Amino acid sequence: GLCGAWRNEGRAAVILRGGRAGSLDMPEAQEMARGVVRLLASMGVLPHTEPAGPTLDADHVEDYRSGAGGFFIPEVRAGEAVGAGALLGHVRNPLGGDPIETIRARRDGRVLGVRIYPMAHAQELLVRIAEDKSA
């Protein structure tokens with residue numbers, strides 16, 4: 001895509017991920033816009049303003065996927081800070097509700113997104129976390 005072409009030319013590129021397909025979550029979109037403004041200010045493109053809310057210095061974004069299909073029951077919300085080992089959610093059998101899998105954070109970070117549709121197939125994205133550099 002476009003970001004890959006820019007990187008091949010030695011240019012900086014940023015990919016923003018959030019929300020879900022086919023919808024617009026205004027509070028999430030506004031928070032992403034504030035983040036872009038803070039980024040541009042830190043780069044000297046825009047004048048500096050006071051940050052509106054917490055910032056995160058992250059090594060990378062980690063995806064947490066289901067190992068098996070079932071119903072995903074989240075235990076966290078987008079924007080929440082989590083520690084290593086924190087319970088992110090459960091995957092349960094759609095027939096009877098027996099537990100199949102428990103999803104836990106591998107490192108400290110901040111939840112960027114949580115699956116809202118309960119039915120998940122094997123290897124589908126459940127939670128996305130920006131992991132903290134200092135952890």
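See above for the structure.
Draft legend 1. Quick look at the sheet that holds strand β4 (residues 87-92). Pairing in this open sheet of 4 strands is antiparallel, and the strands run β5-β4-β2-β7 from one edge to the other. Only two strands of the sheet have a single partner each, and these edge strands are β5 (99-104) and β7 (119-120). With 5 bridges joining them, β4 and β5 adopt antiparallel strand pairing. Note on β5: the bridge partner recorded for Gly89 is Ile103.

Draft legend 2. Seen up close, the environment of Phe71. When you line up the elements, Phe71 lands in strand β2 (residues 70-74). Classification of Phe71 by relative accessible area gives partly exposed; the value is 33%. Residues Phe71 and Ile100 lie 29 residues apart in sequence; the distance between their C-alpha atoms is 9.3 Å. Discounting chain neighbours no more than four positions away, the residues touching Phe71 are His90, Val91, Arg92, Pro94, Pro118 and Met119.

Draft legend 3. Here's a closer look at unusual backbone geometry. Residue Gln123 is not a glycine yet carries a positive backbone phi of 75°. Note that Gln123 resides in the loop between β7 and β8 (125-132).

Draft legend 4. Geometry of the pattern of salt bridges. Enumeration according to the criterion identifies 5 salt bridges in this entry. Where Glu62 meets Arg106, a salt bridge forms, and the shortest distance between an N and an O atom there is 2.8 Å. Taken as a pair, Glu62 in strand β1 (residues 58-65) and Arg106 in the loop between β5 and β6 (109-114) lie far apart in primary sequence, 44 residues in all. For Arg106, a relative accessible area of 47% translates into the label partly exposed. Asp63 is paired through a salt bridge with Arg128; the nearest N and O atoms lie 2.7 Å apart. With Asp63 in strand β1 and Arg128 in strand β8, the pair connects residues that are 65 residues apart, well separated along the chain. One continuous salt-bridge network, built from bridges that share partners, spans Asp63, Arg65 and Arg128.

Cut-offs and rules
- Residues numbered from 1 in each chain as written.
- Predicted model: local features only at pLDDT ≥ 70, side-chain atom pairs only at ≥ 80, totals over all residues.
- Heavy atoms only, no water.
- Pairing = 2+ DSSP bridges.
- Helix = DSSP H or I, 4+ residues; strand = E, 2+ residues; numbered from the N terminus.
- Buried < 20%, exposed > 50% of the residue type's maximum accessible area, 1.4 Å probe, protein only.
- Contact = heavy atoms within 4.5 Å.
- Salt bridge = Lys/Arg side-chain N within 4 Å of Asp/Glu carboxyl O.

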